[in-house]
Amino acid sequence: MTRPAILPPATLGLLGGGQLGRYFVMAATTMGYRTIVLDPDPSAPAGVVADEHLVHPYDDPASLQRLAFDCDVVTTEFENPPAAALDRLAELVPVAPSPASVRIAQDRIAEKQFLDDNGFPIGPYAALDGEPSSELGAIVAPAAIVKTARLGYDGKGQRTVSGVADAVAAWAQLGGVPCVVERRLDLDTELSVIVGRTVDGRVEPWPVAENRHVNGILDLTVVPAAVSTELADRAVGVAMAIADALDYVGVLAVELFVVDGRLLVNELAPRPHNSGHWTLDACVTSQFEQQVRAVCGLGLGATTMTAPAIAMVNLLGDLWEGSVPDWTLVLDDPTAKLHLYGKSGARPGRKMGHLTVTSDVPTAAAARAVELRAAVVQ
Ligand code: ADP
Ligand code: MG
């Protein structure tokens, strides 16, 4: 399939106004596009940098109408816009990624079914919505994680359990909504592969990132990942094949577990991803520019790194507890870049910004990034 390229100064619509959207808007603006963001939060980080910010719910009919009539293409920066709203938009204006892709990625049950049906490797799991199925007993030993099928992020909507009764109790605690129960795996490490894919099926991956999570929230990303070239190539192959299987248009992130040297797909994000923030500071083309290029039907930019290695650490609201962080050392370091998203309420666990450090060696970049983050606490 092809469609005519959407060229500046066309208008791009965006559902969601978080930090991912903010960078998308900044990339689009740099390239000469206009942007309209729909997000109910008046202080949404992307809203304040967009040409226009519609401060309304995602399913507001008048706002969807505005996006459909005023935009040349509409995209999303989070996986949870109401699928019906995307369907409505898609009847009137190009939407990328497609509502079908977003629908799969926003529901863990649909996502696992899709991955399994298409032969992609995933860990042992069972769906749970009330009465436990016969397979659950084999999944929950020795430990398992119950995750709500929808709306979870940053480890939210998850409970670690052991045993079937415990899993059912956790399901009830999580609101009695449809859940997946995954065996808790002993991870060698976690990887992510982000790819851009065009309307006519060209795919461009970024180098594989290695991720450390703390309390279910991404803490540290290092690129290139400290894994064999063979494993990294396989990870890229899996991500590209998933993008093809979805007939995906835009930037797609694939989170992977490495268990006993094997790759298992954890989850998909139908958008740029926190573990791809480094592309802003050490890559010819950032994931956000690529999202603009892909959804506008342009060619993809090069994903070559501009430094041998880079590390990114997230800056969570916890750093603001007690006093405002002191950024002096970060800003004094010529290898470091500070990113703050302009959010006012610094709650624990909330992503307020991130910082990156480039170096010749991945481990040195990681050590310096962690050190600089620790140094901001006064
Ligand atoms: P979220 O949507 O919040 O990112 P994830 O399913 O990716 O949810 O879980 C967040 C993190 O929790 C993962 O990156 C990983 O560190 C840990 N985790 C999740 N599922 C498992 C599992 N089955 N076994 C071991 N660790 C897991
Ligand atoms: Mg995740």
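The rules behind the values
- Residues numbered from 1 in each chain as written.
- Chains lettered and ligands numbered in written order.
- Predicted model: local features only at pLDDT ≥ 70, side-chain atom pairs only at ≥ 80, totals over all residues.
- Heavy atoms only, no water.
- Donors = N, O, S within 2.8 Å, 3.2 Å for Na, K, Ca; no water.
- Helix = DSSP H or I, 4+ residues; strand = E, 2+ residues; numbered from the N terminus.
- Axes fitted to C-alpha atoms, helices over the stretch in contact; angles between N-to-C directions.
- Left-handed = near helix turned anticlockwise from the far one by under 90°.
- Contact = heavy atoms within 4.5 Å.
- Pairing = 2+ DSSP bridges.
- Phe/Tyr/Trp six-rings, centres within 6.5 Å; stacked < 30°, edge-to-face > 60°.
- Lys NZ or Arg CZ within 6 Å of the ring centre and 35° of its normal.

Caption draft 1: Up close: the coordination of the magnesium ion (ligand 2). Bound to the magnesium ion (ligand 2) on the protein side are Glu255 (OE), Glu255 (OE) and Glu267 (OE), at distances that span 1.9 to 2.7 Å. With Glu255 in strand 13 (residues 250-259) and Glu267 in strand 14 (residues 262-269), this pair connects stretches of sequence that are 12 residues apart.

Caption draft 2: How the structure looks around the packing of helix 2 (residues 61-70) against helix 3 (residues 83-90). Between helix 2 and helix 3, whose axes approach to 9 Å, the crossing angle comes to 35°. In the crossing of helix 2 with helix 3, the sense of the turn from one axis to the other is right-handed. Side by side, helix 2 and helix 3 meet where Leu64, Gln65, Leu67 and Ala68 of the first sit next to Ala85, Arg88 and Leu89 of the second.

Caption draft 3: Main features of the sheet that holds strand 2 (residues 34-38). Taken together, 4 strands build an open sheet; the order of strands is 3-2-1-4 and the sheet is parallel. In the strand order of this sheet, the two ends are held by strand 3 (52-54) and strand 4 (73-76), each with one partner. Averaged over all pairs of adjacent strands, the angle between strand axes in this sheet comes to 25°, irrespective of strand direction. Here strand 1 (residues 11-15) runs beside strand 4; their pairing, made up of 4 bridges, is parallel. Each residue of the ladder has a partner; that of Leu15, found in strand 4, is Thr76.

Caption draft 4: Spatial organisation of the packing of aromatic side chains. A complete count under the given rule lists 5 aromatic pairs for this structure. Ring pairing ties together the aromatic residues Tyr23, Phe288 and Tyr341, which thus form one cluster. For Lys112, the ring lying beneath its charged end belongs to Tyr125, and the centroid distance is 5.4 Å.

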